[in-house]
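# Structure assessment
If you want the building blocks of each chain, they are given just below.
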Amino acid sequence: MSVCENYQAIEEKVSEACKKAGRDREEVTLIAVSKTKPLSMIEELLPLGVRDFGENKVQELTGKEEILSQKDIPEPEVRWHMIGHLQRNKVKYLVDKVSMIHSVDSLRLAEEISREAGKKGVCVPVLIEVNVAEEESKFGVHMEKTEALIREIAKLPGIQVKGLMTIAPYVENPEENRQVFRNLRNLSVDIKGKSIDNVTMDVLSMGMTGDYQVAIEEGATHVRVGTGIFGERDYSLK
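These remarks concern the structure in this document. Along each chain, the written sequence defines residue order, and numbers are assigned to residues from 1. Two thresholds apply to this predicted model, a pLDDT of at least 70 for residue-level local features and 80 or more for giving and counting side-chain atom pairs, whereas whole-chain, interface and lining totals are computed over all residues. For side-chain calculations, the full set of non-hydrogen atoms in the structure is used, while hydrogens and water are omitted.

Within the chain, Glu134 stands out as a residue other than glycine whose phi angle is a positive 55°. Think of it this way: any DSSP run of H or I at least four residues long counts as a helix, any run of E at least two long counts as a strand, and we number them from the N terminus. The topology assignment puts Glu134 in the loop between strand E5 (124-129) and helix H5 (143-153). Only protein chains enter the calculation, and the probe is 1.4 Å; a residue is then buried if its accessible area is under 20% of its type maximum, exposed if over 50%, and partly exposed in between. The class of Glu134 is partly exposed, set by a relative accessible area of 43%. The phi torsion at Asn198 lies on the positive side, around 70°, for a residue other than glycine. The residue Asn198 is located in the loop between helix H6 (178-192) and strand E7 (199-205) in this model. Asn198 sits in the partly exposed class, given a relative accessible area of 28%.

Turning our eyes to something else, we now look at the packing of H5 against H6. Throughout, an axis means a line fitted to C-alpha atoms (over the contacting stretch in the case of helices), and angles, computed between N-to-C directions, take values from 0 to 180 degrees. Remark: H5 packs on H6, axes separated minimally by 11 Å, with the N-to-C direction vectors making an angle of 35°. Of the two elements, H5 crosses H6, and the hand of that crossing is right-handed. On the side of H5, the interface is formed by Met143, Thr146, Glu147 and Ile150, while H6 contributes Asn183, Leu187, Asp190 and Ile191. Handedness of a crossing follows from how the near helix is turned relative to the far one, being left-handed for an anticlockwise turn of less than a right angle and right-handed for a clockwise one. For this analysis, residues touch if any pair of their heavy atoms sits within 4.5 Å.

This brings us to the side chain of Lys37. Relative to the helices and strands, Lys37 is located in the loop between strand E1 (29-33) and helix H2 (39-45). Within polar-contact distance, the side chain of Lys37 engages the backbone oxygen of Glu232 at 2.6 Å. Two N or O atoms form a polar contact when they lie within 3.5 Å of each other; inside protein one atom must be a possible hydrogen donor and the other a possible acceptor, and for residues adjacent in sequence the pair counts only when both atoms belong to side chains.

Take a look at the structure:
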């Protein structure tokens, strides 16, 4: 199947999951995770109206953004999502290129984003990455420390805390991650109820190729699908 056919198949499943959960399809943003994939694959999807793309590495995102920004692409413009771990020394290359950073997991990183946002005169929407399953191999703040971190980050200029993100464990059966997604959703509702200034909690970024339908059923507003759209990644190219 072509990239476009893959995307349309995923789109159908997203719609099915929304229907099953009694949600409007417009509530869920499908992010095509294009990391390690050539720009030509992204360009194949543009005629379908696909505009949300996710990248893990700053250099790859900014490189693709630079080339695409010079092309005559029909409106709306492409929206780039930084979904990978972000190092502080790379922030300056990114803040004015992304529509959202999904992976803020420390106050020091947020402070760097704030500083660079001030220099570029932008306000950066961010999500706080939460390690719900407390996997040692994963980045992210633990659930019980999330609210305190958000309260500190929310004070910074040039940043708006839009919600939460998690990377669930790799599992064969997506049902095994349902509780992970539910826990993040509950945390989001709890924090939203605190009415913290500069915090909206409107975004829940959770669910990937193996479990995005379950994530949608549990309240995801953004799902990040790479392999399901672009096929397996060839990490030998990196």
